[in-house]
Amino acid sequence: YRKALLSNGFMVPSNPERRRWFSEYLETRRPENRARLTDRTGWHGRVFVTPDEVIGTLPPENRAATVWNTAVNGVMAGCRPEYFPAVLAAISAISDERFSLQGVVGSTHMATPVLVFNGPVCQRLGINYGGNLLGPGFRANATIGRAVNLVLKNIGGSYAGTTTKSVFGQGGRF
């Protein structure tokens, strides 16, 4: 999806404020006015694309996370296309009512979702699972986590100081 955007002239804003404006613009456009990344839905490599398919509903604003708006947040986070299935799986998992995401995003505690990957996918995507696994230096770890956090903010409406009342933040919410 990133390659498709970039090949059509899209430039990811480097300024955080412009990224926020871009995100707000995309969230307020009606579906019939949106540009599509592909000329058809279906399989594109290893990803099945249905732009308006709802993955889950995210608190606290209870907005629908779709394949399309999740992909937009993945691009803004710097994800490579091969990371997108991992981002979709994460959003699907945390939007399940058994996860109780409302308790995580609407708490005074510093809780945040933690993603655990296991098996061949770690090597295939370049996910660090060894030393310093929660530290910097690994694009897959950072951008998948950042994409999930952007989805929670931009789609779910979870913002520090308004809906999330954490007394002490923590680095996992970057």
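(A) A look at the pattern of salt bridges. This model, assessed by the stated rule, comprises one salt bridge. Here Asp96 makes a salt bridge to Arg98, at a shortest N to O gap of 2.8 Å. Given a relative accessible area of 73%, Arg98 falls into the exposed group.

(B) A look at the packing of helix 3 (residues 67-77) against helix 4 (residues 84-95). It is the contact of helix 3 with helix 4, at a shortest axis distance of 10 Å, that shows an interaxial angle of 120°. One finds that helix 3 runs oblique with respect to helix 4. Like other packed secondary-structure pairs, helix 3 and helix 4 cross with a definite hand, here right-handed. Residues Val67, Thr70 and Ala71 of helix 3 lie in contact with helix 4, whose contacting residues are Phe84, Val87, Leu88 and Ile91.

(C) Layout of the pairing of strand 3 (residues 54-58). Relative to strand 4 (residues 63-66), strand 3 runs antiparallel, the two being bridged by four bridges. Bridging across to strand 4, Leu58 finds its partner in Arg63. Connecting the antiparallel pair strand 3 and strand 4 is a turn made up of four residues, with Asn62 showing a positive phi of about 55°.

(D) Helix 3, seen in detail. Burial runs high along helix 3: eleven of the eleven residues are buried. Of the residues flanking the end of helix 3, it is Gly78, one or two places downstream, whose phi is positive at about 90°.

(E) Representation of the side chain of Ser95 within the structure. Note that Ser95 resides in helix 4. When its relative accessible area of 17% is taken as the criterion, Ser95 is described as buried. From its side chain, Ser95 meets the backbone oxygen of Ser92 in a polar contact 3.1 Å long. Discounting residues that sit within four places of it in the chain, Ser95 has contacts with Ile55, Gly56, Thr57 and Leu58.

(F) Expanded view of the environment of Asn154. Within the secondary structure, Asn154 is located in helix 7 (residues 139-154). Separated by 81 residues in the primary sequence, Asn154 and Asn73 have C-alpha atoms spaced 7.9 Å apart. One polar contact links Asn154 to Asn73, side chain to side chain, over a distance of 2.7 Å.

(G) Looking closely at the side chain of Asn73. Examined against the element boundaries, Asn73 turns out to sit in helix 3. Under the relative-accessibility criterion, Asn73 is labelled buried at 1%. Within polar-contact distance, the side chain of Asn73 engages the backbone oxygen of Asn69 at 2.7 Å. In contact with Asn73, not counting residues within four places along its chain, are Ala147, Leu150, Val151, Asn154 and Ile155.

(H) The nonpolar core, seen in detail. With 31 residues, the main nonpolar core has Val87, Ile91, Leu101 and Ile144 as its most contacted residues. Elements that contribute at least two residues to this core include exactly helix 3, helix 4, helix 5 (101-105), helix 6 (120-125) and helix 7. Apart from the residues lying within four places of it in its own chain, the contact partners of Ile91 are Ile55, Ala65, Thr70, Val148 and Val151.

Scoring rules and cut-offs
- Residues numbered from 1 in each chain as written.
- Predicted model: local features only at pLDDT ≥ 70, side-chain atom pairs only at ≥ 80, totals over all residues.
- Heavy atoms only, no water.
- Salt bridge = Lys/Arg side-chain N within 4 Å of Asp/Glu carboxyl O.
- Buried < 20%, exposed > 50% of the residue type's maximum accessible area, 1.4 Å probe, protein only.
- Axes fitted to C-alpha atoms, helices over the stretch in contact; angles between N-to-C directions.
- Helix = DSSP H or I, 4+ residues; strand = E, 2+ residues; numbered from the N terminus.
- Parallel < 35°, antiparallel > 145°, perpendicular 65-115°, else oblique.
- Left-handed = near helix turned anticlockwise from the far one by under 90°.
- Contact = heavy atoms within 4.5 Å.
- Pairing = 2+ DSSP bridges.
- Polar contact = N/O pair within 3.5 Å; in protein donor to acceptor, adjacent residues only side chain to side chain.
- Core = buried A, V, L, I, M, F, W, Y, C linked by side-chain atoms within 4.5 Å.

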